[in-house]
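Chain and residue survey
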Protein chains: 2
Amino acid sequence: MGTAERIARAAAEAARRLAVVPTAQKDLALAALAGALARHAGAIRRANAEDVAAARRGGAGGTFLDRLALDRARIARSAAAVEEIRALPDPVGEVVRTWRRPNGLIVEQVRLPLGVILVVYEARPNVTSDAAALCVKSGNAAILRGGKEAARTNRAIAAAIREALGEAGLPDAAVQVVLDPDRELLLALARQTGLVDLCIPRGGQGLMKFLAENARVPVVPHGEGICHVYADASADVAAAVPVIVNAKAQRPGVCNAAECLLVHRAAAKELLPAAGRALARAGVELRCDPASLAILRRAGIRAIPAAPSDFGHEFLEKILAVRVVRSLAGALDHIARFGSGHTEAILTRDLAAARTFEREVRASCVVVNASTRFNDGGELGLGAEIGISTGRLHAYGPMGLAELCSRKFVVHGEGQVRS
Amino acid sequence: MGTAERIARAAAEAARRLAVVPTAQKDLALAALAGALARHAGAIRRANAEDVAAARRGGAGGTFLDRLALDRARIARSAAAVEEIRALPDPVGEVVRTWRRPNGLIVEQVRLPLGVILVVYEARPNVTSDAAALCVKSGNAAILRGGKEAARTNRAIAAAIREALGEAGLPDAAVQVVLDPDRELLLALARQTGLVDLCIPRGGQGLMKFLAENARVPVVPHGEGICHVYADASADVAAAVPVIVNAKAQRPGVCNAAECLLVHRAAAKELLPAAGRALARAGVELRCDPASLAILRRAGIRAIPAAPSDFGHEFLEKILAVRVVRSLAGALDHIARFGSGHTEAILTRDLAAARTFEREVRASCVVVNASTRFNDGGELGLGAEIGISTGRLHAYGPMGLAELCSRKFVVHGEGQVRS
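Since the structure is predicted, the reported quantities are computational estimates derived from the model, not experimental observations.

1. Describing the overall build of chain A
Within chain A one finds 15 helices and 16 strands. The principal-axis extents of the C-alpha atoms in chain A amount to approximately 70 × 70 × 35 Å. The proportion of buried residues among the 419 residues of chain A is 55%. Sequence-distant contacts in chain A: of pairs separated by 6 or more residues, those separated by 24 or more amount to 73%.

2. Details of the pairing of strand E6 (residues 198-202) of chain A
Residues and elements named next belong to chain A. Judged by how many residues are buried, E6 sits mostly within the fold: 5 of 5 residues are covered. Residues Leu-198, Ile-200 and Arg-202 of E6 are buried on one face, and the alternating residues Cys-199 and Pro-201, pointing to the opposite face, are buried as well. When strand E3 (residues 116-121) meets E6, the two strands line up parallel, connected through 5 bridges. The partner of Val-120 across the bridge, within E6, is Pro-201.

3. Some remarks on the packing of helix H3 (residues 41-57) of chain A against helix H7 (residues 151-167) of chain A
Residue and element names in this part refer to chain A. One way to put it is that H3 packs onto H7 with a least axis distance of 7 Å and a crossing angle of 165°. As far as their axial angle goes, H7 and H3 are roughly antiparallel. For H3 against H7, the interelement crossing comes out right-handed. Residues Ala-43, Ile-44, Ala-47, Asn-48, Glu-50 and Asp-51 of H3 pack against Arg-152, Thr-153, Arg-155, Ala-156 and Ile-157 of H7.

4. Here we look at the interface of chain B and chain A
In this complex, chain B contributes 57 residues to the contact, which on the side of chain A involves 57 residues. When grouped by side-chain class, the residues that make up the side of chain B that touches chain A number 27 nonpolar, 16 polar and 14 charged. Summarising the sheet, strand E13 (residues 365-370) of chain A and strand E16 (residues 405-416) of chain B pair through 5 bridges and their orientation is parallel. Counterpart to Cys-365 of chain A in the pairing with E16 of chain B is Phe-409 of chain B.

5. Remarks on the relation of the copies chain B and chain A
After a rotation of 180° and a shift along the axis of 0.0 Å, chain B superposes on chain A with an RMSD of 0.0 Å. On this basis, the relationship between the two copies can be described by a two-fold rotation axis. Scanning chain B for the C-alpha nearest the rotation axis identifies His-394 of chain B, at a separation of 1.8 Å. When the interface residues of chain B are mapped onto chain A, 100% of them again fall at the interface, so both copies present the same face.

6. A look at the sheet that holds strand E5 (residues 175-178) of chain A
All names here are of chain A. Strand order in the open sheet made by the 4 strands is E5-E4-E3-E6, with parallel pairing throughout. Since the sheet does not close on itself, it has two edges, and those belong to E5 and E6, each with one partner. Between one strand and the next, the sheet's axes are offset by a mean angle of 15°, whatever the strand orientation. Taken together, the 4 bridges between strand E4 (residues 141-145) and E5 define a ladder with parallel strand orientation. The residue bridging Leu-144 from the neighbouring strand is Val-177, located in E5. Strands E3, E4, E5 and E6 of the sheet are contacted by helix H6 (residues 126-137), whose axis makes an angle of about 165° with E4.

7. Quick look at the confidence of the model for chain A
When pLDDT is averaged across chain A, the result is 96; 100% of the residues are at 70 or more. On the interface metric, ipTM, the complex scores 0.95, and its pTM is 0.94.

8. Topic: the domain arrangement of chain A
Residue and element names in this part refer to chain A. Assigned domains of chain A: these are domain 1 (3-223 + 394-412) and domain 2 (227-379). Spacing between the C-alpha centres of domain 1 and domain 2 amounts to 35 Å. When its residues are assigned to classes, the side of domain 1 that touches domain 2 shows 2 nonpolar, 3 polar and no charged.

9. Describing helix H7 (residues 151-167) of chain B
All names here are of chain B. End to end, H7 covers 24 Å across 17 residues, agreeing with the expected 24 Å (1.5 Å per residue, within 8%). Every buried residue belonging to H7 is among Ala-151, Arg-152, Thr-153, Asn-154, Ala-156, Ile-157, Ala-158, Ala-160, Ile-161, Ala-164 and Leu-165, and all of these are buried. Those residues of H7 hidden inside the fold are in contact with helix H2 (23-39), helix H3 (41-57), helix H6 (126-137) and strand E5 (175-178). Immediately beyond the C-terminal end of H7, within one or two residues, lies Gly-169, with a positive phi of roughly 75°.

10. A look at the sheet that holds strand E1 (residues 95-100) of chain A
Ordered in space as E1(A)-E2(A)-E16(A)-E13(B)-E12(B)-E7(B)-E8(B)-E11(B)-E9(B)-E10(B), the 10 strands form an open sheet in which the pairing is mixed. Looking at strand neighbours, the two that pair on one side only are E1 of chain A together with strand E10 (304-305) of chain B, the edges of this open sheet. Pairing of strand E12 (residues 343-347) of chain B with strand E13 (residues 365-370) of chain B, which is carried by 4 bridges, proceeds in the parallel orientation. The partner of Ile-346 of chain B across the bridge, within E13 of chain B, is Val-368 of chain B. Those strands touched by helix H11 (residues 265-281) of chain B are strand E7 (227-231), strand E8 (258-264), strand E9 (285-288) and strand E11 (319-325) of chain B, and its axis lies near 145° from that of E8 of chain B. Running at roughly 160° to E13 of chain B, helix H14 (residues 351-360) of chain B makes contact with strand E16 (405-416) of chain A together with E12 and E13 of chain B of the sheet.

11. Comments concerning the environment of Leu-189 of chain B
Residues and elements named next belong to chain B. Within the secondary structure layout, Leu-189 lies in helix H8 (residues 183-189). With 27 C-beta atoms packed within 10 Å, Leu-189 lands in the buried category. Taking the C-alpha atoms as reference points, Leu-189 and Phe-311, separated by 122 residues in sequence, lie 38 Å from one another. With residues near it in sequence (within four places) discarded, Leu-189 still touches Ala-4, Ile-7, Ala-8, Leu-118, Ile-143, Arg-145 and Val-196.

12. Concerning the pairing of strand E12 (residues 343-347) of chain A
Residue and element names in this part refer to chain A. Burial analysis of E12 places 5 of its 5 residues in the buried class, which makes it a mostly covered element. Side chains of E12 alternate between two faces, with Thr-343, Ala-345 and Leu-347 and Glu-344 and Ile-346 buried alike. Here 4 bridges tie strand E7 (residues 227-231) to E12, and the two strands are oriented parallel to one another. Within the sheet, the bridge partner assigned to Val-229 lies in E12 and is Ala-345. With respect to chirality, the unit in which E12 leads through helix H14 (residues 351-360) into the neighbouring parallel E13 is right-handed.

13. Quick notes on unusual backbone geometry
Residues and elements named next belong to chain A. Unlike most non-glycine residues, Leu-316 shows phi in positive territory, near 55°. Tracing the chain through its elements places Leu-316 in the loop between strand E10 (304-305) and strand E11 (319-325). On the basis of neighbour count, Leu-316 is assigned to the partly exposed category, with 15 C-beta atoms found within 10 Å. At Asn-369, a residue that is not glycine, the phi angle is positive and equals roughly 55°. Turning to its location among the elements, Asn-369 is positioned in strand E13.

14. A word on H3 of chain A
Residues and elements named next belong to chain A. An ideal rise of 1.5 Å per residue puts 24 Å on 17 residues; H3 measures up with 24 Å between its terminal C-alpha atoms. Within H3, the full set of buried residues consists of Ala-41, Ile-44, Ala-47, Asn-48, Asp-51 and Val-52. Projected onto a plane normal to the axis of H3, the buried residues spread over an arc of 145° and lie on a single side. Among the exposed residues of H3, those oriented more than 90 degrees off its buried face are Gly-42, Arg-46, Ala-53 and Arg-57. The positive-phi residue at the C-terminal boundary of H3 is Gly-59, with phi of around 90°.

15. A look at the environment of Thr-343 of chain B
Residues and elements named next belong to chain B. Here Thr-343 lies in strand E12. In this structure Thr-343 comes out as buried when scored by C-beta crowding, with 33 C-beta atoms within 10 Å. The contact partners of Thr-343, leaving out residues within four places of it in the chain, are Gly-225, Cys-227, Asn-256, Ala-363, Ser-364, Cys-365, Val-367, Thr-372 and Asn-375.

Conventions adopted
Residues numbered from 1 in each chain as written. Chains lettered and ligands numbered in written order. Predicted model: local features only at pLDDT ≥ 70, side-chain atom pairs only at ≥ 80, totals over all residues. Helix = DSSP H or I, 4+ residues; strand = E, 2+ residues; numbered from the N terminus. Buried ≥ 20, exposed ≤ 12 C-beta atoms within 10 Å, placed from the backbone. Contact = placed C-beta atoms within 7 Å. Pairing = 2+ DSSP bridges. Axes fitted to C-alpha atoms, helices over the stretch in contact; angles between N-to-C directions. Parallel < 35°, antiparallel > 145°, perpendicular 65-115°, else oblique. Left-handed = near helix turned anticlockwise from the far one by under 90°. Nonpolar A, V, L, I, M, F, W, Y, C, P; charged D, E, K, R; others polar. Least-squares fit on C-alpha atoms with pLDDT ≥ 70 in both. pLDDT = per-residue confidence, 0-100. Domains from an automatic or database assignment. Expected span 1.5 Å × (residues − 1). Right-handed = clockwise from strand over helix to strand, strands pointing away. Arc of directions from axis to C-beta.

Structural data, given as structure tokens:
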């Protein structure tokens, strides 16, 4: 038996036990984990300092180092996140729906854990404790495979996790942190069908592509976030401008940030100068189609012509593509063609336009009169999230505890037979 | 562009339209299909007679020919099934859940179609109209690839489907019936990631294995049905016996039929002779562990010793493995080891035993005091089913219209931004 199969078999066995562990015992493990992270904070910081130094020597840049680095405050935030997950309701055993059949059978749909979750991520060591807590709370065994640049940090966090599982009387294999950086091992883990139930990648498109092409277990797709804000003919300019600025500029590097502003031609003359001025103040570069460019320039706002490739592009920077459309239908066509099914927003006062947009847009989150930035597990009210799916199978959008579960039918009879 | 990609692209385009078609238009298509099946019944029967004759010449046997053959009554039943699907509520647009966030955002989870469904089946031509109706009703485009032995029949049914789609103004590519028997084409279809959203196989384990190993799109797993009935210490013998007989013998060739009877040792002396007698009368062969064999033989009931391989085996015939267990825990261990996660039943009067069984058994359907045969979309009240999943991802158990859908978040705001 290879290493991957040994890890997966241990996880599958632990998953059988975890699936029926009482809520109190899982919560005990999470309380113990929050405590252990605090107690181990010194060791975690020392290990992390070594990882950061090595990455710096290797020439790693600012964003990368920022994601990798843990200080006292970040470790405290990780512990607090574990406590928040502990406080969420246990999804396992929840009766999602129940009904009665004409023959008297009572049918329930009851949540149960998926089984074994393989989480693959890069140099963000805070994912280790987060994913461990979400999997334990939802009764799943976790195999956590972080980036090699965070291996020392992950080893230190793994020690805290092991201690917490022991304190709560849960098996070690409930959470296995894989420190071996070998891609062959990752590949072998992602091929343990029948033992690993789901692979959740959290990372860049390279990792995503590698898993999508090579895994044999189901992989949650996490595509790009090419998100649009469409300002309808009836949009309230004063209300629309802060939403547009928030969608683009509040945190431009994340997947639910807007990449393109579509404006109905009837609203363009009034809305574009106001929005353009606010966006310019927020440091956003505007790449415009001819109609929007003319309006913005006439208003004295700095803007440049868009290249065709600027539409349908995920900038992840303070750059916004801008286009005037002739109608709601034009906006819907643009979104169907260029959107990535992540988050799409409409700003409107027209009820019929809002209803049409809600119904016709295929995206994990459709937003009416609010920022695209709300497509997030915490903001939508799911509690924490383990990842976000841009595919429609199993879960679409942020995945919380419920999305780490399946549902079984439970049938209560009094001797019924089928005729 | 190859044939598979052309088919998949046409389906994906049709799926975009179908996703937003009003309920009334989909229902019109289904009414038209029921009508067209009736009108085309003669042509379908003639085509089917050719398929049956060819299969018989090829040496096909009884069960196979029975599945392949359509007579007037079966075509009428297919048309009636389409009418029943038409009468089901439209799952698309259903608000599954709604809640309010502290910042005033109203969040909804709303059903939308998955997109493009590839249904792969063997020589059961009734699947063609069933699957077409289920996909259209749930707003999905269908690619239907039936067995080559039914190709003439499927061509005739496809003509009825095309006519119905045309009558309702739906695109031809909403339902594509693939008549080309080439396995390479099937393989290419099952690799159209990004265009085909889900593959649903309906057929034997060979087909299942071929798709599981070769497809790149998600495949609904459809494993064996190794189903147990466990008669607890407190089981009511008079009530238990008919359930045991029904679970095994009412239709032994299907996946939700019982393959193994487990009996608590405290109930064995009374229950086994009564059950054994009734099973023998129903023509069931009993393959027994030593403890159950002794009891049955003492009662003068014909039984033979079980081989080790009889436990965990899907007989699909009038054969039942029988074993005495020492406790509920022993039954749970046996089921965890030998069960296939399909359907598991307990017969008991003890509430605590029922609750433990419900909670601890990992199966798509857990049944208390009723026959395993109720694990079926129709019997559970889902309306029709397109297949049954023995995997926990996306859907576990029978898949109805809701399981052909995903859910998107719809957020209603009044200008909220994220801080």
